[in-house]
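# Breakdown of the fold
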Amino acid sequence: MKYETIIAGFGGQGVLSMGKILAYSGLMENKEVSWFPSYGPEQRGGTANVTVIISDDGISSPILNTYDIAIILNQPSLLKFEAMVKPGGILIYDDYGISKPPTRTDIDIYHIDAMNVAVADGNEKAFNMIVLGGMLKICPMVSLESVMLGLKKSLPERHHKLLPMNEKAIMKGMQIIKKA
């Protein structure tokens, strides 16, 4: 088993955090893991992406040209990464930041309305956890238990009180993701 994933969007959407939690989750399951972030100097509003590889076997390189799974959260990232999803792969997107949806027919495309749900729930900061939950529903590469352990490891202890809210957001994402 090997999952090569790209998560891409604007800075401030929790792209890098989502990747870090996914990577920690793989470590919790004794998998081989690579976490390779890429972002501009802007903290919020600039583009950011992270490549996460989770594998049963060794990982030869963290640099990829194609991906099994792409989570796309803005139009520039869709333009850049849609073509890089392997035929038969998975593309997940939230159309909040996307004006022209994906068009490929040789991949499985899923839509998740994470931003609107996060706003309706009054918790925009849980947006990335809703998206992560949707991805785990489609491709359960790690268990929810491992994700919660990874989340606990990545959050400062003063924020551990937010773990139940994040778990609820992950579960919400699992419920709302739909095939496009």
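A short tour of the structure in this document, coming up. Note that the structure is predicted; figures quoted are calculated from it, not measured.

Turning our eyes to something else, we now look at the packing of aromatic side chains. How two aromatic rings sit relative to each other is given by the distance of their centres and the angle of their planes. Inspection of every chain in the model, using the stated rule, returns 1 aromatic pair. Each ring, one from Tyr-67 and one from Phe-81, has its centre 6.2 Å from the other, and the planes form 80 degrees; the classification is edge-to-face. Taken together, the residues Tyr-67 in strand 4 (residues 67-72) and Phe-81 in helix 2 (residues 75-81) connect sequence positions 14 residues apart. Taking the relative accessible area as the measure of exposure, Tyr-67 reaches 4% and is therefore buried. Assessed through its relative accessible area of 5%, Phe-81 is described here as buried.

With that out of the way, let us pick up the pattern of salt bridges. The full count for this structure, using the stated rule, is 6 salt bridges. Here Asp-68 ties to Lys-86 by a salt bridge, and the two come within 3.1 Å at their closest N and O atoms. In this pair, Asp-68 is assigned in strand 4 and Lys-86 in strand 5 (residues 85-93), connecting sequence segments 18 residues apart. The class for Lys-86 is partly exposed, based on a relative accessible area of 25%. Note that Arg-104 is salt-bridged to Asp-106, the shortest N-O span being 2.8 Å. The exposure class assigned to Arg-104 is buried, which follows from its relative accessible area of 17%. Among the residues examined, Asp-106 registers a relative accessible area of 37% and is labelled partly exposed. The network of salt bridges with shared partners includes Lys-2, Glu-4, Asp-68 and Lys-86.

With that out of the way, let us pick up the pairing of strand 3 (residues 47-55). A large share of strand 3 lies buried, amounting to 8 of its 9 residues. Bridge count between strand 2 (residues 32-39) and strand 3: 8 bridges; the pairing is antiparallel. When the sheet's bridge partners are listed, Ser-38 is paired in strand 3 with Asn-49.

Let us look at the packing of helix 4 (residues 127-138) against helix 6 (residues 163-176). Axes are the key here: two packed helices are described by the angle between their axes and the distance separating the axes. Put simply, helix 4 and helix 6 touch, their axes get as near as 6 Å, and they point 50 degrees apart. Here helix 6 runs oblique to helix 4, going by the angle between their axes. At the point where helix 4 passes helix 6, the crossing takes the right-handed sense. On helix 6, the residues touching Met-129, Ile-130, Gly-133, Gly-134, Leu-136 and Lys-137 of helix 4 are Asn-166, Ala-169, Ile-170, Gly-173, Met-174 and Ile-176. Considered class by class, the residues forming the contact of helix 4 with helix 6 number 7 nonpolar, 4 polar and 1 charged.

Okay, the side chain of Asn-74 next. Within the element layout of this structure, Asn-74 appears in the loop between strand 4 and helix 2. The exposure class of Asn-74 is buried, given its relative accessible area of 0%. Within polar-contact distance, the side chain of Asn-74 engages the side chain of Ser-77 at 2.6 Å. Not counting the four nearest positions on each side in its chain, Asn-74 is found in contact with Ala-8, Gly-9, Phe-10, Thr-47, Gly-97 and Ile-98.

Sheet analysis places strand 1 (residues 2-10) next to strand 3, joined by 9 bridges and oriented antiparallel. Looking across to strand 3, one finds that Ile-6 is bridged to Thr-51.

The rules behind these values
- Residues numbered from 1 in each chain as written.
- Predicted model: local features only at pLDDT ≥ 70, side-chain atom pairs only at ≥ 80, totals over all residues.
- Heavy atoms only, no water.
- Phe/Tyr/Trp six-rings, centres within 6.5 Å; stacked < 30°, edge-to-face > 60°.
- Helix = DSSP H or I, 4+ residues; strand = E, 2+ residues; numbered from the N terminus.
- Buried < 20%, exposed > 50% of the residue type's maximum accessible area, 1.4 Å probe, protein only.
- Salt bridge = Lys/Arg side-chain N within 4 Å of Asp/Glu carboxyl O.
- Pairing = 2+ DSSP bridges.
- Axes fitted to C-alpha atoms, helices over the stretch in contact; angles between N-to-C directions.
- Parallel < 35°, antiparallel > 145°, perpendicular 65-115°, else oblique.
- Left-handed = near helix turned anticlockwise from the far one by under 90°.
- Contact = heavy atoms within 4.5 Å.
- Nonpolar A, V, L, I, M, F, W, Y, C, P; charged D, E, K, R; others polar.
- Polar contact = N/O pair within 3.5 Å; in protein donor to acceptor, adjacent residues only side chain to side chain.

Note that every value here comes from positions in space, so none of it alone points to a role or purpose.
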